[in-house]
Amino acid sequence: MFSCDVDSASCGFCFSNFKKSDNIFHCNNCSTTYHLPCGSHLTADQLFYVNSPMCINCYSETFPFTDVAEDDADIFNTEKCENAQNDSNYNSNIFSSIDPENNIMSNIDTSGYFDTNKLSAKLNEINSSDHFSIYHLNCRSLKKNLSAITDYLQSLETKFDVLSFTETFLADDDPTNLINIEGYIGPITDNRVIKVTKRGKIIKRGGCAIYVRQELTVTDRSDDLKVSDMENCWVEIKRKSNQKPLIIGTIYRPGSYSYDNFAPKLDQLLHTLNDKKYDTIITGDYNIDLLRNTTESRDYLQLINSNGFSQQVNNPTRITDHSKSLIDHILCNVTDGICHPGVFLTDTGTTDHLPTFLLLSKYS
């Protein structure tokens, strides 16, 4: 990292010319020069200790399961590299900080880790013929990892009603026949192409997708429920004639998307859904670590609870050699069913995020 002393050349990300006194970052791998915030996942202080720094692009290609640009650069933050449960900010029961009058978590079965056998036992316990089920995974490229994902889903002894994915890395012109899942309608997507490099390479990041079991009646609700400037997609699932429909949403919030910008949009969205008395389940990767008792995590939980929603997942969902975090959440406001959340403790072979799920029993 160095300061620019000439008004020449341009940034490899934003393409704007460098100005004098700009902080400039030069990638040791691809030899591209960027503004520091454009090209590096590190701060200026952190770069001081790195001998051969790489840009976000090269880092993601070299370490495909670690998107440090969007997951707060955990492996470079020594404070976050410590065991989470030994951290003074760690709070194993952060939900206790919520005003009890706003805490509607009384219908939650304590979340835990599952394998195929434990899932089968749970389905037998709750009567598998009388439940609704939803699965979520931050898949880090749906097209690339689809085969591994479907192989894993087929190994489970149940067919989830809804499959949802974040960080799909899809573009609008990707052929849908390459990402079909047998037995499911969809995908309904919100695709994002974040940037084009100076060398013309398209870098696909973010995005989300929803699939619905083909036996169900589904309507795409993205046109009226989708929030601008957020990565989100929505469907409505029809239930029995005398029951209100179920709304399913999936949200991806990159770690680079300011919480101060995200929170008001989420607040308005949840308020609208609750005000219209929609039964709603929202999966996603929010990049808000609920293992840490921070102002952001407390505000987030208070926000969702004050709008009649509860966050279901209680176990770490992203585990690396250096850290663990609970950033994949399932929000739910359904009160006439019993929620049974869980996390699959498995190596899907695609990502360092663990799959999450929610079974909603006595809800047909």
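Anything mentioned here points back to the structure above.
Residues numbered from 1 in each chain as written. Predicted model: local features only at pLDDT ≥ 70, side-chain atom pairs only at ≥ 80, totals over all residues. Heavy atoms only, no water.

**Q** So, the pattern of salt bridges: which residues are in play, and what are the values?
**A** This model, assessed by the stated rule, comprises 13 salt bridges. Here Glu-167 makes a salt bridge to Arg-140, at a shortest N to O gap of 3.4 Å. Of this pair, Glu-167 sits in the loop between β6 (162-166) and β7 (184-190) while Arg-140 sits in the loop between β5 (131-138) and α6 (142-155), and the two are 27 residues apart along the sequence. Comparing Glu-167 with Arg-140 shows no difference in burial state: the two are buried. One salt bridge in this structure joins Asp-229 and Lys-265, with 3.9 Å as the shortest N-O distance. (Salt bridge = Lys/Arg side-chain N within 4 Å of Asp/Glu carboxyl O. Helix = DSSP H or I, 4+ residues; strand = E, 2+ residues; numbered from the N terminus. Buried < 20%, exposed > 50% of the residue type's maximum accessible area, 1.4 Å probe, protein only.)

**Q** Quick one: what's the story with the nonpolar core, residue by residue and with numbers?
**A** Side chains of a nonpolar character, in soluble globular proteins, are inclined to be buried together. If you look at the biggest cluster of nonpolar residues, it comprises 51 residues, and the most contacted ones within it are Phe-132, Ile-248, Leu-273, Ile-281 and Tyr-300. At 7 residues, the largest contribution of residues to this core is made by helix α8 (residues 259-275). Among the nonpolar cores identified, the runner-up in size contains 25 residues, and Leu-142, Phe-160, Ile-179 and Leu-359 belong to it. (Core = buried A, V, L, I, M, F, W, Y, C linked by side-chain atoms within 4.5 Å.)

**Q** Residues and numbers for the sheet that holds β7, please.
**A** One key point about sheets: their strands pair by backbone hydrogen bonds, in either a parallel or an antiparallel sense. If you trace the 7 strands from one edge of the open sheet to the other, you get β4-β19-β20-β5-β6-β10-β7, paired in mixed fashion. Whereas interior strands pair on both sides, the edge strands pair on one side only; in this sheet they are β4 (112-114) and β7. Each strand axis lies, on average, 25° off the axis of its neighbour in the sheet, ignoring direction. Two strands pair when backbone bridges link them, and strand β19 (residues 338-344) and strand β20 (residues 356-361) are joined in this way by 6 bridges, in the antiparallel orientation. The residue of β20 that forms the bridge with Gly-342 is Phe-357. Along the sheet face, helix α5 (residues 116-126) touches β4, β5, β19 and β20 and points at about 15° away from the line of β20. (Pairing = 2+ DSSP bridges. Axes fitted to C-alpha atoms, helices over the stretch in contact; angles between N-to-C directions. Contact = heavy atoms within 4.5 Å.)

Any link to function would need more than the numbers given here.
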